[in-house]
Amino acid sequence: MKRWIGAVLAACLLVLSAVPAAAQESGVRLTAQQAGARREYGVYVTLDPASARAKDYSYELLEGGSVIASREHVADTACFLPIVNIDAASPGRYTVRVTAYPSGERAGFERAASIQKEFGTAKGCSCATADRFQLGSGTENDPYLVGTLGQLLHVNQHATQKCYYMQTADIQFGDYTSMVDDYGVVKLHSGSTYDGNGHVIRGGSVKVTRTGDNAEVFSLKNGNLLNTGFEDMTFSVNSSGYGAAPVGGHSGTVKRCYAININAVGRNHAGGLINCWGIGAEDCYTAGIKASSTSDSTYGSGGLIGYLGSPGAVSPTVARTYAFPAKLSAPKISGIGYIRAGSILNSFYLKGTASYGSLPGNDNTNAAPLELSQFADQSRFEAAGWDFENVWTMGEITYNDASGNAVTAAAPVLRVFAKR
Ligand SMILES: [Zn+2]
C-alpha cells in the first residue's frame, strides 16, 4: 500500500513542483482580480495537468507558517488565493500547499497527499532605487503595487511608459513646493491607469511658485485615475499660476474617486477634485471643499471641477457626481463646475453653496441643488441613473464646514472604500 502514497499527486502537480522560486509564468502566478468593487492581489495556482485519480483538491497559502488563505475540497484545477493587506514595500515569502484527495474507489489504495512550493514575491520594476516597485510588472493583471509615499513618487520614474498601478495602503502625503516640471507631483503616461483600489492619499500640500503652473497631486495626461480618495490637503499657486485641485493634467478620466476637506487656492480656477480641461469624471464626490480663485479669466471655482472642456478641442463629460462645497469664492462659482465644452449630467450639490450647479448656462437641472437631508434619499439618486448595486451605497460622510466644524451627513458613498 505504501507505494501508492502520494501517487495521486505525482502527475498533476508536476508543473507546480517544477516552478522555480519567484517564477511567475506557470503553476504559481501573482495577479490581481476583481472581487466586488475592489480588486484583490494574490496567487493564482494552476495544476497542469490535473490528476485523473484525484477527487478534489485543497489549496492553502501560507505566510510565516500560518495559513492566510485557503479553499478546501474543490474540484477546480485552478485557484485564486488572495493576499490581504500585502506589504508592497517589503513583500514576504509565501508557500502554496496543494492537497489532492483520491477518488472514492481509490481511497483504499491511495490517500491524500500534499505538495508545497515556497516562492518569493520579488519582482517589480528593474529600477535601482530603494523606493522601486517590489511587486508587479506594470500590466493590467499584474499592476505595480504602490504601498508607500516613496513608491507613489516612483510612478514618475515610469512616466514615459504606459503602466498599471494599484495602491495597497493609505498613504500620508508630503509638502511639495515649486515643481521642477509642470502639472502634478505624480505624473502618469498616456493610457496609464492608477487604481487607488479603495485607499486614500491624505494630508500634505502642493504649493506652486512657477509661472503658469498648476498645483495637483496627479497629472493624468490622458491616463486614468480610479478608486482613489483624497483627504485633508491644500493646493495653491502664486499670483501668476493657474489652477489648483487634487487631479489635473489636461486629459484623462477619473472614476469612483472622492475628495474631502480640500483647500484649493487657484488664480484662474480651482476645483474640489479636478482642475480643468479635458478630464471627464464618473461616480465621484467631494465634501468640505474650500475653493477660491482671484481671476475670472478661466472660469472660477467649482465644488468638483474648476472648468470643463475647451471649445473645438475637448468636450468631456462629468456624470453622477455630487459636491458639498464648504466655501467657494471667485468671480464665478458653481456647485459642480464651469462648462466651456462638454456636459455635466445627473449631478447634485449642496443647496446654498452656489446659485447654480454649473455655469455659464446657469444650470440647476443637470447639476441640481439638494437640501442636506435630501442627500439621504437613495431613490433620488437612483432616479438619476446612479448604480447602487455595484458602485454606490448609502452611508455617511464627515467633512469640515466653512467654519471648520466637523459635520456628518447621510449621503451616497462609494462601495470600493467600504471598510475592509
Ligand atoms: Zn521603477
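Residues numbered from 1 in each chain as written. Predicted model: local features only at pLDDT ≥ 70, side-chain atom pairs only at ≥ 80, totals over all residues. Heavy atoms only, no water.

In the nomenclature of an unreviewed UniProt entry, the chain corresponds to GLUG domain-containing protein from the organism Harryflintia acetispora.

(A) Structural detail: the overall build of the chain. When its secondary structure is counted, the chain shows four helices and 33 strands. With the C-alpha coordinates aligned to their principal axes, the bounding extent of the chain is approximately 90 × 50 × 40 Å. Taken across its 420 residues, the chain has 55% of its residues classed as buried. Summed over all atoms, the accessible surface of the chain reaches about 16,500 Å², with 46% contributed by carbon and sulfur. In the chain, the 34 positive side-chain charges and the 35 negative ones have mean positions that sit 4 Å from each other. (Helix = DSSP H or I, 4+ residues; strand = E, 2+ residues; numbered from the N terminus. Buried < 20%, exposed > 50% of the residue type's maximum accessible area, 1.4 Å probe, protein only. Areas by Shrake-Rupley, 256 points an atom, 1.4 Å probe, with all protein chains shown as cover. Lys, Arg positive; Asp, Glu negative; His and termini not counted. Charge placed at Lys NZ, Arg CZ, Asp CG, Glu CD.)

(B) Quick peek at the domain arrangement of the chain. Split into domains, the chain comes out as domain 1 (2–120) and domain 2 (170–417). For domain 1 and domain 2, the distance between their C-alpha centroids amounts to 44 Å. (Domains from an automatic or database assignment.)

(C) Highlighting the pairing of strand β13 (residues 193–202). Across the 10 residues that make up β13, a large majority, nine, are buried. By the bridge criterion, three bridges tie strand β9 (residues 164–167) to β13 in an arrangement that is parallel. Paired with methionine 166 across the bridge in β13 is aspartate 195. Pairing of strand β10 (residues 171–172) with β13, which is carried by two bridges, proceeds in the parallel orientation. Bridged to glutamine 172 within β13 is arginine 202. (Pairing = 2+ DSSP bridges.)

(D) Region of interest: the pattern of salt bridges. Scanning the model with the defined rule gives 12 salt bridges in all. Its salt-bridge partner being arginine 202, residue glutamate 231 comes within 3.0 Å of it at the nearest N-O pair. Residue glutamate 231 is located in strand β16 (residues 223–237), and its partner arginine 202 is located in strand β13; the two are separated by 29 residues in the primary sequence. Glutamate 231 gets classed as buried once you look at its relative accessible area, which sits at 16%. A salt bridge links arginine 320 to glutamate 282; its shortest N-O distance comes to 3.4 Å. Taken together, the residues arginine 320 in strand β25 (residues 317–329) and glutamate 282 in strand β22 (residues 278–293) connect sequence positions 38 residues apart. (Salt bridge = Lys/Arg side-chain N within 4 Å of Asp/Glu carboxyl O.)

(E) Representation of the coordination of the zinc ion. Surrounding the zinc ion are the protein donor atoms Cys125 (SG), Cys127 (SG), His154 (NE2) and His158 (NE2), which sit 2.0 to 2.3 Å from the metal. The coordination sphere of the zinc ion comprises four donor atoms, whose angles at the metal cover 102 to 114°; the geometry is tetrahedral. Residue histidine 154 is classed as buried on the basis of its relative accessible area of 4%. (Donors = N, O, S within 2.8 Å, 3.2 Å for Na, K, Ca; no water. Tetrahedral: all angles 85-135°; square planar, octahedral: opposite > 155°, others 65-115°.)

(F) Expanded view of the sheet that holds strand β15 (residues 218–219). The three strands are arranged β12-β15-β18 in an open sheet whose pairing can be described as parallel. Looking at strand neighbours, the two that pair on one side only are β12 (186–187) and β18 (247–248), the edges of this open sheet. One ladder, built from two bridges, connects β15 with β18; its direction is parallel. Counterpart to phenylalanine 218 in the pairing with β18 is valine 247.

(G) Structural view of the environment of asparagine 268. As for its position among the elements, asparagine 268 is in the loop between β20 (258–266) and β21 (269–271). Taking the C-alpha atoms as reference, asparagine 268 lies 9.9 Å from proline 331; in sequence the two are 63 residues apart. When neighbours within four sequence positions are excluded, asparagine 268 is seen to be in contact with Tyr242, Ser293, Ser295, Ser297, Thr298, Tyr299 and Gly300. A distance of 3.0 Å separates polar atoms of two side chains, one belonging to asparagine 268 and the other to serine 297. (Contact = heavy atoms within 4.5 Å. Polar contact = N/O pair within 3.5 Å; in protein donor to acceptor, adjacent residues only side chain to side chain.)

(H) Region of the structure containing the nonpolar core. Counting 54 residues, the largest nonpolar core has Phe218, Phe230, Val254 and Leu273 as the members making the most contacts within it. The set of elements that each furnish at least two residues to this core consists of β8 (144–146), β13, β14 (205–208), β16, β20, β22 and β25. The next biggest cluster of nonpolar side chains, apart from the first, holds 27 residues, and it includes Ile260, Leu370, Phe375 and Ile397. (Core = buried A, V, L, I, M, F, W, Y, C linked by side-chain atoms within 4.5 Å.)

(I) Up close: the sheet that holds strand β30 (residues 358–359). Ordered by their spatial adjacency, three strands build an open sheet running β24-β27-β30, and the pairing between neighbours is parallel. Two strands close off the open sheet at either side, each with one partner strand: β24 (307–308) and β30. Where strand β27 (residues 337–339) and β30 come together, two bridges link them in parallel fashion. Residue pairing in the sheet places tyrosine 338 in a bridge with leucine 359 of β30.

(J) Main features of the packing of aromatic side chains. Summed over all chains, the structure comprises 26 aromatic pairs. Ring geometry for phenylalanine 324 against tyrosine 399: centres 5.3 Å apart, planes inclined by 80°, an arrangement best described as edge-to-face. Of this pair, phenylalanine 324 sits in strand β25 while tyrosine 399 sits in strand β32 (residues 392–400), and the two are 75 residues apart along the sequence. In this pair, the class of phenylalanine 324 matches that of tyrosine 399, namely buried. Ring centres of phenylalanine 375 and phenylalanine 381 lie 6.0 Å apart, and the angle between their planes is 40°; this geometry places the pair in the tilted category. In this pair, the class of phenylalanine 375 matches that of phenylalanine 381, namely buried. Through successive ring pairs, a cluster of aromatic residues spans Tyr258, Tyr285, Tyr322, Phe324, Phe348, Phe375, Phe381, Trp386, Trp392, Tyr399 and Phe417. (Phe/Tyr/Trp six-rings, centres within 6.5 Å; stacked < 30°, edge-to-face > 60°.)

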